[in-house]
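A closer look at the structure
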Amino acid sequence: MVSGLIYLGVACSKDDSPEIEPEVLFRVPPNFPKPVYDFSKNPLTKEGVELGKILFFDGNLSRDGTISCAECHSQPSAFTHHGHDLSHGIDNKIGIRNSMPIQNMAFQKEFFWDGGVFDLDLFSIAPIENPVEMDEKLGNVLEKLRKQEKYTTLFQKAYGSKEITTERFLKALSQFMLTLVSANSLYDKYVRKEAGGILSSEELEGLAIFKQKCASCHSGELFTDLSYRNNGLPVYNKEDTGRQRITAIQTDSYKFKVPSLRNVAMTAPYMHDGRFYSLDAVLNHYTDGVIESKTLDGLLMNNETPGIALTKDEKAKLIAFLKTLTDEEFLKNKKFGI
Amino acid sequence: MKNFSYLLIALFASIIVVSCQKEDDINPNDKNTVILEFDNRVGDQKLVLGTTTAKNSLNEDFTVTRLNYFVSNIALKNENGEVVKFPNQYFLVRQSDPNSLLIKLDNVPAGNYNEVSYMIGVDSLKSVSDVSQRTGVLDPASYGDDFMYWSWNSGYIFFKMEGKSSAIPPNMMNMTEYAFHVGGFGGMTGKTINNLRTITLPMANTAQVRRDVSPQIHVIHDVSKVFNGVNQISIAKTYMVHSPDAGIPIGQNYAKSFIVDHVHNEKD
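Sequence order sets the numbering: in each chain, residues are counted from 1 along the sequence as written. As a convention, the first chain written is A and the first ligand written is 1, with the rest following in written order. Under the rules for a predicted model, residues below a pLDDT of 70 receive no local features and side-chain atom pairs below 80 are neither given nor counted, while totals for whole chains, interfaces and linings still include all residues.

Let's talk about the overall build of chain B
Only DSSP runs of H or I reaching four residues or more are called helices, and only runs of E reaching two or more are called strands; each is numbered from the N terminus. Counting its regular elements, chain B contains 3 helices and 15 strands. Projected onto its principal axes, the C-alpha positions of chain B cover 90 × 45 × 30 Å. Residues are scored as being in contact if the C-beta atoms we place from backbone atoms lie within 7 Å. Nonlocal contacts in chain B, meaning residues at least 24 apart in sequence, comprise 76% of its contacts between residues at least 6 apart.

Right under this line is the structure:
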């Protein structure tokens, strides 16, 4: 008891020492827009983020204990599912969509390829309850956690009491996901004029082409305008009408979210259904594969033929530029793993 | 003696008059509870889940195995046109849970109420609220297998009716189940389908809330009208409804499937 008190005393004086700066859990990168997420409803704490991370990596969130969030959102692939065009979930079932990267979540106003979820705190329910992903019921997950002392302790640390509620569970997952900010690519260092931020002439030419031919949709520092567009993909799955499934508006048929291009070199395969396995295939689609339809985006109809005109040389330069969006610090940051 | 009996009669009469006056005297400071009873029926039959069989107006047979709906934004209007609202109270009526069929409204001011209204569903404000506001029947973790929340298209399922019908064309799984899940609050970041329906029902005999009277309003919900309240629904053609737009005709139907049958005003 006495030694315990002494230990506490030491720990306290250590915490009070002015030299130790508190760890910054979330910071808006100087070149980024304002976050959309309302942090006042869920202030990040070290313990909350830690709890969220442990939950993120826990298979107990799925029906049979085999599928964690990290299964389809793995860090080296910018928290997406590398090597699978459609996400593989429980019992090896296959979904209809390619899993999206989890990065810069604080800056998104809607989630999923169709934007069906408008609040990050409600986001995690979808994969947990999706029959082809984790196929579990949220209530069962909470029951499983309540039975584990590990979790009652972690919830106590994060929230001050052992109670495991829907709000606490979902907000802890949000806390961890909010810390997944990718903003330290070579490109970022270049735009922020930081040390080492030098792009090669090929990359710079690629950036210029990008600004001219891609940035009207992949705009700003998030490399997406967060809109939903039909980019002229041949329809492989008629049932998946994208944004139209949410809005029920015919003119939204086959429109999908313009994805961010941050870490794009690491997030193959591409498109909502993962049909393209390389960036070359993506660019070939834009030059040669765009199909006309009622809802094809107007920006892809500028020329006589639909699509974007790019020479072979321009494509190579574009890809060189896109690779500068890879953020090694983010992909390798040990803080994000267990 | 004669005089005495007159006196007695007069005395009795005055007691009656006094007591009657007392009853009609509405003291606005008096409060009591009002119970809304939801009596789900199939036409003129008792609804027993999985058992009662009926036919819709297209002569298609059906049973009901599940029936759930949210009731919220209840309001009572009195004879003077004044409205008493019960905000931020959400109820989930489940036919399988007899307790859920009785909705209790507390602290209702004394008065004679001749109209009740309520919403089937969860209003848009609550539907976009922070997860901290989603407790009790609004807790997405509270539904088990009988879910009342769409995770892929964030929002509550306002009304859910499932059952069997031999009208359903046989498929590979040999299933004969229909499922009507209706939701859609109008959207948060973009406009989407709005299936929120407010139901206003007059009460022929008033609900008379007094210090010692807590009325019970007996609402009858005829589920057979879910198939033809406004729109004729053929189970053979429409048996899987799982999205807001597909749910529109059903929502319009159930909006017309409730009546107030009678009100009990017995003393406590």
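Concerning the overall build of chain A
Across its full length, chain A carries 14 helices and 2 strands. As defined in this context, the radius of gyration uses C-alpha atoms, and a globule is described by 2.2 Å times the residue total to the power 0.38. Taking 2.2 N^0.38 as the reference for a compact globule, 338 residues should give roughly 20 Å; the C-alpha atoms of chain A span a radius of gyration of 22 Å, in line with that estimate. Put plainly, a residue is buried at 20 or more neighbouring C-beta atoms within 10 Å of its own, exposed at 12 or fewer, and partly exposed in between, counting only other residues' C-beta atoms, which are placed from the backbone. The 338 residues of chain A split such that 43% are buried. Looking at chain A alone, contacts between residues at least 24 apart form 67% of all its contacts between residues at least 6 apart.

So, the confidence of the model for chain B
All names here are of chain B. The pLDDT averaged across chain B works out to 91; a share of 91% of its residues lies at or above 70. pLDDT: the predictor's confidence for each residue, scored from 0 to 100. Low pLDDT, under 50, characterises residues 15-22; the predicted model gives this stretch 0 contacts beyond four residues in sequence or across chains. Here the complex is predicted with pTM 0.89, and the ipTM for its interfaces comes to 0.87.

Side note on the domain arrangement of chain A
Domain annotation of chain A identifies domain 1 (29-181) and domain 2 (186-329). For domain 1 of chain A and domain 2 of chain A, the distance between their C-alpha centres works out to 26 Å. Domain segmentation is taken from an automatic or database assignment of domains.

A word on the nonpolar core
Ranked by internal contacts, the top residues of the largest apolar core, which has 66 residues, are M105(A), A172(A), L173(A) and M177(A). Considering every element that reaches this core, the biggest residue donor is helix α8 (residues 166-178) of chain A, with 7 residues. Residue assignment places this core across two domains, with domain 1 (29-181) and domain 2 (186-329) of chain A each supplying three or more. For A172(A), the contacting residues outside a window of four places in its chain are G48(A), L51(A), G52(A), L55(A) and A158(A). Grouped together as the second largest cluster of nonpolar side chains are 54 residues, L47(B), L67(B), I103(B) and F227(B) included. Put simply, a nonpolar core is buried Ala, Val, Leu, Ile, Met, Phe, Trp, Tyr and Cys residues tied into one set by C-beta atoms within 7 Å.

Observations regarding unusual backbone geometry
Residue and element names in this part refer to chain A. A cis amide bond links A268 to the next residue, P269, at an omega of 0°. Topologically, P269 is positioned in the loop between β2 (256-257) and α12 (279-289). Phi at F223 is positive, roughly 60°, even though this residue is not glycine. Examined against the element boundaries, F223 turns out to sit in the loop between α10 (201-213) and β1 (228-229). Positive phi, normally seen in glycine, also occurs at L226, with a value near 65°. When you line up the elements, L226 lands in the loop between α10 and β1. Taking the C-beta count within 10 Å as the criterion, L226 has 18 such neighbours and is therefore assigned partly exposed.

Examining α12(A)
Residue and element names in this part refer to chain A. Three or more residues of α12 are buried, namely V282, L283, H285 and Y286. The buried side chains of α12 occupy one side of the element, clustering within an arc of 145° when seen end-on. Those residues of α12 that are exposed and angled more than 90 degrees off the buried face are D280 and D288. For α12, the elements touching its buried residues are α13 (312-323). Within this analysis, the arc is defined by the directions that extend from the helix axis to the C-beta atoms.

Some remarks on helix α2 (residues 46-56) of chain A
All of the buried residues in α2(A) are G48(A), V49(A), L51(A), G52(A), K53(A), L55(A) and F56(A). On its buried face, α2(A) sits against α3 (69-72), α7 (149-159) and α8 of chain A.

Some points on the packing of α10(A) against α13(A)
All names here are of chain A. Contact geometry of α10 with α13 gives a least axis separation of 7 Å together with a crossing angle of 100°. Between α10 and α13, the interaxial angle falls into the category roughly perpendicular. Counting all contacts with α10, which are made through E202, E203, E205, G206, L207, I209 and F210, the residues of α13 involved are E314, K317, L318, A320 and F321. In the scheme used here, Gly and all other residues not listed as nonpolar or charged are polar, with Ala, Val, Leu, Ile, Met, Phe, Trp, Tyr, Cys and Pro taken as nonpolar and Asp, Glu, Lys and Arg as charged. In the contact of α10 with α13, the residues fall into 6 nonpolar, 1 polar and 5 charged. Between N-to-C directions, angles cover 0 to 180 degrees, with each direction set by a line fitted to C-alpha atoms, over the stretch in contact for helices. Oblique is the label for any angle not covered by the other classes, which are roughly parallel (under 35 degrees), roughly antiparallel (over 145) and roughly perpendicular (65 to 115).

Thoughts on the environment of G190(B)
With respect to the secondary-structure elements, G190(B) resides in the loop between β11 (177-183) and β12 (197-209). Each C-alpha atom of the pair G190(B) and G50(B) lies 39 Å from the other, and the pair is 140 residues apart in sequence.

Quick notes on the confidence of the model for chain A
The predicted coordinates of low-pLDDT regions are not to be read in fine detail. Of the residues in chain A, 93% reach a pLDDT of 70 or more, and the chain-wide mean stands at 92. In the predicted structure, residues 1-17 of chain A sits below a pLDDT of 50 and forms 0 contacts with residues beyond four places in sequence or in another chain.

A look at the packing of α2(A) against α8(A)
The description of two helices packed together rests on the angle between their axes and the distance between the axes. Residue and element names in this part refer to chain A. Relative orientation of the contacting elements α2 and α8 amounts to 95°, with a least axis distance of 7 Å. With respect to α8, the axis of α2 lies roughly perpendicular. Only A172, L173, S174, Q175 and F176 of α8 make contact with α2, whose side of the interface consists of G48, V49, L51, G52, K53, L55 and F56. Grouping the amino acids of the contact of α2 with α8 by side-chain chemistry returns 7 nonpolar, 4 polar and 1 charged.

Focus on the environment of S214(B)
Residues and elements named next belong to chain B. Looking at the secondary structure, you find S214 in the loop between β12 and β13 (216-222). Note on S214: 23 C-beta atoms within 10 Å, which makes it buried. Sequence separation of S214 and T33 is 181 residues, and the distance between their C-alpha atoms is 5.2 Å. Once residues lying within four places of it in the same chain are set aside, the contact partners of S214 are N32, T33, V34 and D268.

Description of the environment of T52(B)
All names here are of chain B. Counting through the fold element by element, T52 comes out in the loop between β2 (45-46) and β3 (54-55). Owing to 17 C-beta atoms within 10 Å, T52 belongs among the partly exposed residues under this scheme. C-alpha of T52 to C-alpha of V64: the two residues are 12 residues apart in sequence and 7.4 Å apart in space. The residues touching T52, leaving out its near neighbours within four places in the chain, are V42, Q45, K46, L47, T63 and V64.

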